[in-house]
There are 2 protein chains.
Amino acid sequence: MKRVNIGICGLGTVGSGTFNVIRRNLDQINARAQCDIVISHIGARRDNPNCDTGDVKVSRDIFAVPADPEVHIVVELIGGTTVAKELVEAALRQGKHVVTANKALIAEFGNELFSLAAEHDVTLSYEAAVAGGIPIISALREGLSANKIEWLAGIINGTGNFILTEMRDKKREFDDVLAEAQALGYAEADPTFDVEGIDAAHKLVILASLAFGMPLQYDKVFCEGISRIKPVDVEYANQLGYRIKHLGVARHIEGKGIELRVHPTLIPESRLIANVDGVMNAVLVKGNAVGPTLFYGAGAGAEPTASAVVSDIVRVARNLAGKASSLAMVPSLGFSERALQDETILPITEAETAYYLRVSVEDKPGALSRIAQILSDAGISIEALIQKEPHEDEETVPLIMLTNRVVEKRINAAIESIEALDTVDGDVVRIRVESLK
Amino acid sequence: MKRVNIGICGLGTVGSGTFNVIRRNLDQINARAQCDIVISHIGARRDNPNCDTGDVKVSRDIFAVPADPEVHIVVELIGGTTVAKELVEAALRQGKHVVTANKALIAEFGNELFSLAAEHDVTLSYEAAVAGGIPIISALREGLSANKIEWLAGIINGTGNFILTEMRDKKREFDDVLAEAQALGYAEADPTFDVEGIDAAHKLVILASLAFGMPLQYDKVFCEGISRIKPVDVEYANQLGYRIKHLGVARHIEGKGIELRVHPTLIPESRLIANVDGVMNAVLVKGNAVGPTLFYGAGAGAEPTASAVVSDIVRVARNLAGKASSLAMVPSLGFSERALQDETILPITEAETAYYLRVSVEDKPGALSRIAQILSDAGISIEALIQKEPHEDEETVPLIMLTNRVVEKRINAAIESIEALDTVDGDVVRIRVESLK
């Protein structure tokens, strides 16, 4: 059997997971790849106690890996967008195929890197960059290739989903759960990437480009985090038959453009994706032929991510073993590069969703009717309403409303008018609602 | 751009769906396939009013399609295993790539057909054969290729799932819902294939071969239908926190062999797959690296199935357009043919699951303790129990038990002893239980 040599750069969580999965499942992997996959070179600044590299050549200079003439496939698992970018560029320029799990790198620099790969007649694969072990990249590039994708919506950050799940199940505060997630190792010391949606935005832009056939436009994603979600809103959402999830949503609006947005979202509890809990991920894709499809699994962790990395390695190795040529059959973003079209990304004010509104109103006659009037004047209808009895010691009562679908700038204007009422106390809490039908 | 000619054989539900999806989404499909896909020939005994074939050449003799030198890919959508088999063989022998949605054909004759395809250096693709639009074949062949698959479990017959969902939601009898499903067109006039699990067995054997790397062994699948499920059992399952689903289960038992079985199954309601309702399908796959993954979508219907058929067409067309050679890169069952191993398929008496038991006992002291004693003597423990008050006019009361996991022959022996008790009335109802963790 032909031998295909792998060079792994980075021996952190995913790097060691990849090493260990290849070692443990080697017989099956080789039988599937139809060749002998050999880890021939590792580039890592330091060893990892989770990973017995044995007699595999290890270089402290990771750039020794792409420079190694024996290596056919370079696996970039160092993360970040500086050294990782240089490394991937070096590998592509050397005519090596590259496999990466680096969502930030693909989201921010994918366009140029894919071009570089094409120029050098090699592939740059990134199944592990989105939703860990879920093969969602290949589903969009291949499995759903018959479809015009209408929209997709994903729980694509496990940390955020863990926090929201705990807040709901145990009625805990955001800060409290975040601290626990950090202690458990689910959240980084600096949790901004996860809880403010930056990580999800990286992943969303990749999914959207694959779905709609457009170059990556990371800077156009609207991004709102979960740090301002209150247990009381989680609870009211429940009472209304909804769950709050941190969703990435990409939607094609015929004749207008693409919505690209990450934000907390109320979802009807009867939807399967509303029941994806803890650190798990799921992506719901609506195609115009297939209808709704859902892909669910572990979105992070050493071995689930390694599962995706190795699936890319197998794919490339199958090509290398089966053919003299190494030409990529499946284009990087699923569409031929010539067919990629810069779609208009709509500003968030033009996005259309339903809304959950929570307003603190004074417990006086007429308070509700004035709010209802403002919404009605704006052409916004109230689909569901909860009005609570006032607590003894409080002068305001919470008023919770679900609206119909409306363009965001219209709800914003209505909210401004509501906040200006003298019977309304403080800011209106507003969370977007998606039916995901 | 290179032109790839498609010949479609069969213009029934899936055939017309495939024609219409290609026509409607042609721009996107071509951009993804990196070539011009042209339906150049249709073989159909009669026209289909859902499908305006326009100026496409139509032959009443479907064998004219594989014989047509212009056709590169033959799409077999006539169904059955007689003429369809001849047609696929004719096409492969002519050196045409074949795409089929025919689960019976692949399950029963896949081994020889894959060999024939390899012999003629062409591909035989069958994404649409299992779970309609869900790209589960490619997930197992490619997306999860890093894993040893431990087990998989699927709701892979939409008709059966529709019936069970209706029985649960509306507390209706099996026969009653079946009649409605037939009226709605979900179930065939002869519903045996769907409700007795034959259709699911066809699909399960395909999934299992892909998961475990073994030749197809359709005749080894254990198969039990849903026609004997009673509303009362659906209701008791609910009370215990379970749903009854008609599952196909394939499990690798280290050192022993493979369980391959289709039967009604109690699943904890907290599992995502327990909430897959109506005609929808889902497949849960547990890999040793990725953990549990779930793939959900429409399992039947013209366009969802067409979505899978066209994804295979795009895959083959990409190869044809990108390369001179037509060599298959991905082996038919995901593993190199040499690596396929005949695994032992365990008889159902050796399968291990937990059990739901319903026993009609006389309302007398000691009835329960004698049953408990029999189970205890057999080393079977009772994990949950419901004992109901007797109705006024009845002399027996239902006793419902959930057991621990136990090899089937042991529970069978215990059931025989229980049925022999003079305090027990009639047969014990026994339904398998899977925790799917």
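Keep in mind that this is a model prediction, so the values were computed, not measured.

Caption draft 1: The sheet that holds strand S1 (residues 3-9) of chain A, seen in detail. Residues and elements named next belong to chain A. Reading across from one edge, S3-S2-S1-S4-S5-S6 is the order of the six strands in this open sheet, with parallel pairing throughout. Every other strand in the sheet has two partners, leaving strand S3 (57-59) and strand S6 (124-125) as the edge strands with one partner each. In this structure, S1 lies alongside strand S2 (residues 36-43), joined through seven bridges in parallel fashion. Within S2, the position partnered with Val4 by the bridge is Ile37.

Caption draft 2: A look at the domain arrangement of chain A. All names here are of chain A. Assigned domains of chain A: these are domain 1 (3-133 + 302-339), domain 2 (136-298) and domain 3 (353-433). Between the C-alpha centres of domain 2 and domain 3 the distance comes to 26 Å. Of the residues lining the interface, 10 residues belong to domain 2; the matching set on domain 3 comes to 10 residues. Counting only elements with at least two residues in the side of domain 2 that touches domain 3, the list comes to helix H11 (231-239) and strand S10 (257-268).

Caption draft 3: Summary view of the packing of helix H4 (residues 83-93) of chain B against helix H5 (residues 103-119) of chain B. Residues and elements named next belong to chain B. Interhelical geometry of H4 versus H5 gives an angle of 15° and a closest axis separation of 10 Å. The angle between H4 and H5 places the two elements in the roughly parallel class. Here H4 runs over H5; the crossing is right-handed. Within the contact between the two elements, H4 uses Ala84, Lys85, Val88, Glu89 and Leu92 and H5 uses Leu105, Phe109, Leu113, Leu116 and Ala117. Of the residues contributing to the contact of H4 with H5, the split by class is eight nonpolar, no polar and two charged.

Caption draft 4: Spatial organisation of the sheet that holds strand S4 (residues 73-76) of chain B. All names here are of chain B. Sheet architecture is open: six strands sit in the order S3-S2-S1-S4-S5-S6, paired in parallel fashion. Pairing within the sheet leaves two strands with one partner each, and these edge strands are strand S3 (57-59) and strand S6 (124-125). In this fold helix H12 (residues 302-322) packs onto strand S1 (3-9), strand S2 (36-43), S4, strand S5 (97-100) and S6, with an angle of close to 165° to the strand it touches most, S5.

Caption draft 5: Broad picture of the interface of chain B and chain A. On the side of chain A, 55 residues touch chain B, which itself brings 55 residues to the contact. Contributions of two or more residues to the side of chain B that touches chain A are made by helix H2 (26-33), helix H6 (136-143), strand S12 (291-298) and H12 of chain B. At 11 residues, the largest contribution of residues to the side of chain B that touches chain A is made by H12(B). Bridge analysis of strand S12 (residues 291-298) of chain A against S12(B) gives three bridges, and the strand direction is antiparallel.

Caption draft 6: Molecular detail of helix H14 (residues 408-420) of chain B. Compared with the 18 Å implied by 1.5 Å per residue over 13 residues, the 19 Å span of H14(B) between its first and last C-alpha is a close match. In this structure, the buried residues of H14(B) make contact with strand S13 (352-362), helix H13 (367-377), strand S15 (396-403), strand S16 (406-407) and strand S17 (424-433) of chain B.

Caption draft 7: Region of the structure containing the nonpolar core. Ranked by internal contacts, the top residues of the largest apolar core, which has 312 residues, are Leu207(A) and Leu207(B). Apart from the residues lying within four places of it in its own chain, the contact partners of Leu207(A) are Val130(A), Ile136(A), Leu140(A), Leu152(A), Gly154(A), Ala250(A) and Val283(A).

Caption draft 8: How the structure looks around the relation of the copies chain B and chain A. Mapping chain B onto chain A calls for a rotation angle of 180° and an axial translation of 0.0 Å; the resulting RMSD is 0.0 Å. Those values place the two copies in the arrangement expected of a two-fold rotation axis. When each C-alpha of chain B is compared by its distance to the rotation axis, Phe295(B) comes out closest, at 2.5 Å. Most of the interface of chain B is mirrored in chain A: 100% of its interface residues are interface residues there too.

Caption draft 9: Representation of the environment of Ala107(A) in the model. All names here are of chain A. The topology assignment puts Ala107 in helix H5 (residues 103-119). The exposure class assigned to Ala107 is buried, which follows from the 26 C-beta atoms found within 10 Å. Ala107 sits 100 residues away from Leu207 along the chain, and the two C-alpha atoms are 9.6 Å apart. Contact partners of Ala107, with chain neighbours within four places excluded, come to His202, Val205, Ile206, Leu216 and Tyr218.

Caption draft 10: Seen up close, the packing of helix H6 (residues 136-143) of chain A against helix H10 (residues 198-212) of chain A. Residues and elements named next belong to chain A. Where H6 meets H10, the axes come as close as 9 Å, and the angle between the chain directions of the two elements is 15°. Relative to H10, the element H6 lies roughly parallel. In the crossing of H6 with H10, the sense of the turn from one axis to the other is left-handed. Side by side, H6 and H10 meet where Ile136, Ile137, Leu140 and Arg141 of the first sit next to Leu207, Leu210 and Ala211 of the second.

Parameters at a glance
Starting from 1, residues in each chain are numbered consecutively following that chain's sequence as written. For naming, the first written chain is A and the first written ligand is 1, with later ones following in the order written. Owing to the predicted nature of the model, reporting of local features is limited to residues with pLDDT of at least 70; listing and counting of side-chain atom pairs is limited to 80 or more, with chain, interface and lining totals taken over all residues. Between any two strands, at least two bridges found by DSSP are needed for them to pair. Helix and strand assignments come from DSSP, with helices taken as H or I runs of at least 4 residues and strands as E runs of at least 2, each series counted from the N terminus. Source of the domain bounds: an automatic or database domain assignment. Contacts here follow a simple rule: the backbone-placed C-beta atoms of the two residues must lie within 7 Å. Helix axes are fitted only over the stretch in contact, all axes being lines through C-alpha atoms; the angle between N-to-C directions runs from 0 to 180 degrees. By the definition adopted for this analysis, an angle is roughly parallel if under 35 degrees, roughly antiparallel if over 145, roughly perpendicular if from 65 to 115, and oblique otherwise. Should the near helix be turned counterclockwise from the far one by less than a right angle, the crossing is left-handed, whereas a clockwise turn marks it as right-handed. Under the scheme applied, nonpolar residues are Ala, Val, Leu, Ile, Met, Phe, Trp, Tyr, Cys and Pro; charged residues are Asp, Glu, Lys and Arg; polar residues are all the others, including Gly. For a helix, the expected span equals 1.5 Å multiplied by the number of residues minus one. Note on terminology: a nonpolar core is a set of buried residues of type Ala, Val, Leu, Ile, Met, Phe, Trp, Tyr or Cys, with members joined through C-beta atoms within 7 Å. Backbone-placed C-beta atoms define the burial measure: a residue is buried with 20 or more other C-beta atoms within 10 Å of its own, exposed with 12 or fewer, and partly exposed in between. Least-squares fitting of one copy onto the other uses the C-alpha atoms of those residues that reach a pLDDT of at least 70 in both copies.

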